[in-house]
There are 2 protein chains.
Amino acid sequence: MKNKLKVIFLGGIGEIGKNMTLFEYGNDIIIVDAGMSFPNEELPGIDYVLPDITYIKENKEKIKAIFLTHGHEDHIGGLSYVLKEVKVPVYGTKLTLMLAENKLREHRINDAQLNCIKPRTHVQAGCFDIEFISVCHSIAGSVAFSIKTPVGFVFMTGDYKIDYTPIGDDFTDLPRIAEIGRRGVLLMLADSTNIEREGYTMSERTVGATFDELFTLNSERRIIVATFASNVHRLQQILDVSKKYGRKVAFSGRSMLNVTDAATKIGALKYEKNMVVDIDKISSIEDKKITLISTGSQGEPMSVLTRMAAGSFNKVNIGSNDTIIISASPIPGNERMIYSVINNLYKKGAEVVYNMLEKVHVSGHACQEETKLIHTLVKPKFFIPVHGEYRHLIQHKNLAMSLGQSERNILITEIGNVVEVERNSMKKIGTVPSGSLLVDGLGIEDIDSIVLRDRKHISEDGIIVAVIGINEDNGEITAGPEIISRGFMSKEPDSFNESIKQVVLHTLTGLELKTLPRKDIQAAVRKDLRNYIFKKAKSSPMILPFIMS
Amino acid sequence: MKNKLKVIFLGGIGEIGKNMTLFEYGNDIIIVDAGMSFPNEELPGIDYVLPDITYIKENKEKIKAIFLTHGHEDHIGGLSYVLKEVKVPVYGTKLTLMLAENKLREHRINDAQLNCIKPRTHVQAGCFDIEFISVCHSIAGSVAFSIKTPVGFVFMTGDYKIDYTPIGDDFTDLPRIAEIGRRGVLLMLADSTNIEREGYTMSERTVGATFDELFTLNSERRIIVATFASNVHRLQQILDVSKKYGRKVAFSGRSMLNVTDAATKIGALKYEKNMVVDIDKISSIEDKKITLISTGSQGEPMSVLTRMAAGSFNKVNIGSNDTIIISASPIPGNERMIYSVINNLYKKGAEVVYNMLEKVHVSGHACQEETKLIHTLVKPKFFIPVHGEYRHLIQHKNLAMSLGQSERNILITEIGNVVEVERNSMKKIGTVPSGSLLVDGLGIEDIDSIVLRDRKHISEDGIIVAVIGINEDNGEITAGPEIISRGFMSKEPDSFNESIKQVVLHTLTGLELKTLPRKDIQAAVRKDLRNYIFKKAKSSPMILPFIMS
């Protein structure tokens, strides 16, 4: 293992090389990011998904530190879970650490060693030396990492875009990235999120011009803007345009209050104190003098915007003098939810502006031309595309090859892969445990697939429980059969239940109840009921025969 | 009611004025379209949704005929269900009737009176006179209707786009529409589907150029195209480009075979007989000599493309010499499914082309400029936007007003609304029953919301059944408590079940089991269990206490 660098990709579900990446050399391991993923419709009732960290648990003594690229949930949401296993220092920029601290407090972790690092400075951790490099993204305080390892330099872009006219103090430090490239980079891991998109993503600043136009058009109306709480630069622009047009601003939604509070404290969000009012006070302010900034741009069921649209948010009543600006594109899978919110807002007589971002395409991730720039500056020997589904990684590989990178110096990985890198070679050498941990409620549980399969089955066809009491001594039926069903439909439930009882009785009559093992009785009842119900109702509910003695 | 026309909007869920519209005058009713809708994620296990046709059942003797605009499921999918109630003639164009006949055969309706009508000809039905007008759409044989009623002319666009260079014999008959407009239209009902999109949708023919380019680029490879079976014009273009490049074509997927069979018979799809081969024969044909056309462009779970991607379609093995062209945009809500199919295809080493339609934006529905043209030609006195969610209707209303239509001559309706139209007025006068019928399996059932709520509850948190046997005479516990759970997780199910039993026993100990009504015992058990489980697992499964005597 000597003189060999291992790169290990952990993660929840979906994107590869996103939530958590480990670098190991000899007896030293550093962890980059500790995030979580969000469930898809195949995971009913699951709140979020954590990476399997068995490998971290088994190598506790090697772990030297955790480095965070930025404060989004998919990069910091699993931090408390990792820190419960390994008490190591955490390094990040100011806003990232403020947001991480909020999360840790929720999980009652008060002893974390959080170390604030500024871009263009270094941290030593074991045999690794990590330099922080400022990049633009849809949250303030984002960084890329240049990691000096015994075999050479690794460059990780993190989530990034290039913005020549950024809002706030963040910028993509192209001069430094160029220097790093000139010095020589052995391996690059780069963001593939927007690899399907041609051209450049527009500067965050272009959104400001659109806001200005919308605030002029709606000068007599109340304006409500829904956006991501973590997009501090967007919030800054809404504050600025509100100030210009003489409006106060109220924030609404738990995450919105958390983030604006943190960002204000560290100076990432700048405004005069009297600009911001409490949401409880907005009823006393004229419509044209107030901007309300809320969560819910994705139509999330419990968010402020969804509740306002449904008329169940008691602090704000939506009416015909309201203009709602949805300042975020729908994440694939959320379209129906957000469109349902928009329909409801229209029904309340409000105006809704929700496609402004289609015109000025602003994203937090590099498109194809920006990606080409980074490849050209960094010129890595080896390249691993990360942050994307399989199709994104393949397309990023194709893009790198179109720039002259040789195919054998590019690796496509999956969650759980271990890659070994030497000065002159890079190869997959194996895997580590990589199942994901599904979290439901507040507990962390390793839900197995049977539970999910059962949930899906019942949600589609319902469940029928048949309870029968049998005297073990003489095999007589002492009680039931009784039938309980849920989520199962029938035109005449009472008569249908009665007919099910008869089917069960008929099955039992043909069996040696005294001697036959319970499980065989259950199997016979299940089989006959399944056939009967499918024949009658063309439906296959879950059937649970239950025998009491 | 004399001299008053009633327009009644029936439908399943979602879009308004889409699935079914009734026109009533005196003792005559005609039905335009008899479609169904598809369920969203709020309706687990539901296959499709039919309109409530109580009003049709209650007015059977008035119904004179059914007119079909085109052969898509959302316009013909409920036909068999309506024809079971009213035996009236059905009028449509050739392809529409062929597809309708296929559906009727599935439902064993063999006595339908299907009448084939050509564009620019008329049908009399009661006091109504209906003219068929050719329009372009994403299926061949689409028509608009000009309906002469005793109060004036009604113009219904149906689903349409404008295409100056159409494929096949269909064209949007603008000269005739202009004449109809000049004659005077009292009321127009017009398609709002693409009202959010600026400009024009491109001609279907532009897709042909893209296919040509892709076939050139992939001249040595096997080409698989996934598209909608009903898009006969698209199929024609794939056949044409295949012929040009010396490829045979195989069709795959049940609906693909049904539609191509029908379209070939009536001459809507034109090709030399020996061009098309059976899918079973393609293994004997060189990759570069074959095009496979399949269903599954939306990632539908049972479709051919999904099965090929998963390696479970035994007739075709996907490999590195395959190029798969997905020739359809994802319908909102289907993105995750189709992307998962694309990832799987890439993992098998194939090339996938799936964003070609983003470049040449081709849709079957009119965009803003086309919609303006129709409004300008038809110049209706009254206007009702249809075919869209609430937000689309509002935006279509705004567009009509921007063209000079007065706001009081425009009505926004909802499913179930009854609109009364006279020569000089239009107003909503009430509603008819409009709940939707949810269909699960083959039966039509009126599933109530409790069933769906239960399914959703169980799918998110699972279910726990506690069975207890109680002697009614003396109140003694004779059996159990026994616990069954499904879809509920716990790290240690056995010990957790044991602790649940203890909670139930503890609850029972405190009750007067001899005298207390069963339902009070159940309520007490449910309450204590719910609190215990929430405290322990932060989860709220459905709890069903069940008492046997």
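Conventions we followed
Just so you know, the residues in each chain are numbered from 1, in the order the chain's sequence is written. Each chain takes a letter, starting from A, and each ligand takes a number, starting from 1, following the order in which they are written. For a predicted model such as this one, the threshold for reporting local features is a pLDDT of at least 70, and the threshold for listing and counting side-chain atom pairs is 80 or more; totals across whole chains, interfaces and linings nevertheless cover every residue. With hydrogens and water stripped out, all remaining heavy atoms of the structure feed into the side-chain values. Residue exposure (1.4 Å probe, protein chains only): buried if accessible area is under 20% of the type maximum, exposed if over 50%, otherwise partly exposed. Secondary structure elements follow DSSP: runs of H or I no shorter than four residues count as helices, runs of E no shorter than two count as strands, and numbering proceeds from the N terminus. At least two bridges found by DSSP between two strands is the condition for calling them paired. A fitted line through C-alpha atoms serves as each axis, taken over the contacting stretch for helices, and the angle formed by two N-to-C directions is quoted from 0 to 180°. The salt bridge definition used is simple: a Lys or Arg side-chain nitrogen within 4 Å of an Asp or Glu carboxyl oxygen. Relative orientations are named as follows: roughly parallel for angles under 35 degrees, roughly antiparallel for angles over 145 degrees, roughly perpendicular for angles from 65 to 115 degrees, and oblique for any other angle. Crossing handedness is defined as follows: a turn of the near helix away from the far one that is anticlockwise and smaller than a right angle gives a left-handed crossing, while the clockwise case is right-handed. The contact criterion used throughout is that any non-hydrogen atoms of two residues lie within 4.5 Å. When residues are sorted by character, Ala, Val, Leu, Ile, Met, Phe, Trp, Tyr, Cys and Pro go into the nonpolar class, Asp, Glu, Lys and Arg into the charged class, and all the rest, Gly among them, into the polar class. Crossovers are marked right-handed if the path from the first strand over the helix to the second runs clockwise, as seen with the strands pointing away from the viewer. A pair of aromatic rings is counted whenever rings of Phe, Tyr or Trp (Trp by its six-membered ring) have centres within 6.5 Å, and the orientation is called stacked for planes under 30 degrees apart, edge-to-face for over 60 and tilted otherwise.

S.K.: How should I be thinking about the pairing of strand β23 (residues 463–470) of chain A in this particular structure?
M.R.: Side chains on a regular strand alternate between the two faces of the sheet. All names here are of chain A. Counting buried residues along β23, eight of its eight residues qualify, which places the element largely inside the surrounding structure. Here β23 shows no split at all, with Ile 463, Val 465, Val 467 and Gly 469 on one side and Ile 464, Ala 466, Ile 468 and Ile 470 on the other all buried. Note that β23 and strand β24 (residues 477–486) share seven bridges and pair antiparallel. Within the sheet, the bridge partner assigned to Ile 464 lies in β24 and is Ser 485. Between the end of β23 and the start of β24, which pair antiparallel, lie six residues, with Gly 475 showing a positive phi angle near 75 degrees.

S.K.: What should I look at first to understand the sheet that holds strand β9 (residues 128–134) of chain A in this one?
M.R.: Across a sheet, paired strands are connected by hydrogen bonds in the backbone, their directions being either parallel or antiparallel. Residue and element names in this part refer to chain A. On the basis of which strands lie adjacent, the open sheet formed by six strands has the order β8-β9-β10-β11-β12-β18 and mixed pairing. Lying at the two open borders of the sheet, with one neighbouring strand each, are β8 (122–125) and β18 (382–386). The mean angle between the axes of side-by-side strands here comes to 20 degrees, regardless of whether they run parallel or antiparallel. Summarising the sheet, strand β10 (residues 143–149) and strand β11 (residues 152–156) pair through five bridges and their orientation is antiparallel.

S.K.: Explanation requested: the pattern of salt bridges in the structure shown.
M.R.: Pairs can form between side chains of opposite charge once their charged atoms are near each other. Residues and elements named next belong to chain A. Using the criterion set out here, one finds 56 salt bridges over all chains in the structure. When the shortest N-O distance is used, the salt bridge between Glu 196 and Arg 391 registers 2.7 Å. Of this pair, Glu 196 sits in the loop between β12 (187–191) and α6 (205–217) while Arg 391 is found in helix α13 (residues 390–402), placing the two residues 195 residues apart along the sequence. A salt bridge links Arg 222 to Asp 322, with the nearest nitrogen and oxygen atoms 2.6 Å apart. Of this pair, Arg 222 sits in strand β13 (residues 222–226) while Asp 322 sits in strand β16 (residues 322–326), and the two are 100 residues apart along the sequence. Per residue, the accessibility class of Arg 222 equals that of Asp 322, and both read buried. Taken together, the shared-partner salt bridges in this structure form one network comprising Lys 4, Glu 420 and Lys 427.

S.K.: Quick question: what am I supposed to make of the packing of helix α4 (residues 94–106) of chain B against helix α8 (residues 254–265) of chain B here?
M.R.: Helix-helix packing is described using two parameters, namely the angle between the two axes and the distance between the axes. Residue and element names in this part refer to chain B. Relative orientation of the contacting elements α4 and α8 amounts to 135 degrees, with a least axis distance of 9 Å. Regarding the angle of α4 to α8, the classification is oblique. When you trace α4 past α8, the crossing you get is right-handed. Counting all contacts with α4, which are made through Leu 95, Met 98, Leu 99, Asn 102 and Glu 106, the residues of α8 involved are Arg 254, Asn 258, Val 259, Ala 262, Ala 263 and Lys 265. Its residues assigned to classes, the contact of α4 with α8 comprises six nonpolar, two polar and three charged.

S.K.: How should the pairing of β12 of chain A be read in this particular structure?
M.R.: Residue and element names in this part refer to chain A. Across the five residues that make up β12, a large majority, five, are buried. Here β11 runs beside β12; their pairing, made up of three bridges, is parallel. Residue pairing for β12: Met 156 is matched across the bridge by Leu 189. Note that the unit made of β11, helix α5 (residues 174–183) and β12 has a crossover that is right-handed. Sheet analysis places β12 next to β18, joined by five bridges and oriented parallel. For Asp 191, the partnering residue across the bridge sits in β18 and is Val 386.

S.K.: I keep staring at unusual backbone geometry and nothing clicks. Help me out?
M.R.: Excluding glycine, residues mostly carry a negative phi; peptide bonds, for their part, are mostly trans. Residue and element names in this part refer to chain A. In this structure, Lys 379 is a non-glycine residue whose phi angle is positive, near 40 degrees. Along the chain, the position of Lys 379 falls in the loop between α12 (368–378) and β18. Among the residues examined, Lys 379 registers a relative accessible area of 62% and is labelled exposed.

S.K.: Got a minute to help me understand the packing of aromatic side chains in this structure?
M.R.: The description of an aromatic ring pair rests on the distance of the ring centres and on the angle between the ring planes. Scanning the model with the defined rule gives 14 aromatic pairs over all chains in all. Relative to Tyr 245 of chain A, the ring of Phe 215 of chain A lies with its centre 6.2 Å away and its plane at 35 degrees, an arrangement referred to as tilted. Here the residue Phe 215 of chain A occupies a position in helix α6, and Tyr 245 of chain A occupies one in the loop between α7 (232–244) and β14 (248–252), the gap between them amounting to 30 residues. In this structure Phe 215 of chain A comes out as buried when scored by relative accessible area, which is 0%. Tyr 245 of chain A sits in the partly exposed class, given a relative accessible area of 27%. With a centroid separation of 6.4 Å and an interplanar angle of 80 degrees, the aromatic rings of Phe 211 of chain B and Phe 215 of chain B are classed as edge-to-face. Taken together, the positions of Phe 211 of chain B and Phe 215 of chain B, both in helix α6 (residues 205–217) and four residues apart, correspond to about one turn of that helix. The same class applies to Phe 211 of chain B and to Phe 215 of chain B, which are both buried. By the ring-pair criterion, three or more aromatic residues cluster together here, those being Phe 67, Tyr 91, Phe 132 and Phe 145 of chain A.

S.K.: What's the story with the environment of Met 20 of chain A in this structure? I'm lost.
M.R.: Residues and elements named next belong to chain A. Residue placement: Met 20 occurs in strand β2 (residues 20–25). Considering only alpha carbons, one finds Met 20 and Ile 66, 46 residues apart in sequence, at a separation of 9.9 Å. Once you skip the residues sitting within four places of it in the chain, Met 20 turns out to touch Ile 8, Phe 9, Leu 10, Ile 31, Val 32, Asp 33, Ala 34, Pro 51, Ile 53, Ile 56 and Val 82.

S.K.: I'm lost on the environment of Leu 83 of chain A in this one. Help?
M.R.: All names here are of chain A. Mapped onto the elements, Leu 83 comes out in helix α3 (residues 79–83). The class for Leu 83 is buried, based on a relative accessible area of 4%. Through-space distance from the C-alpha of Leu 83 to that of Arg 183 is 35 Å; in sequence the pair is 100 residues apart. Discounting residues that sit within four places of it in the chain, Leu 83 has contacts with Ile 66, Val 88, Val 90, Leu 104, Ile 109 and Ala 112.

Such coordinate-based values are descriptive only and should not be taken to indicate function.
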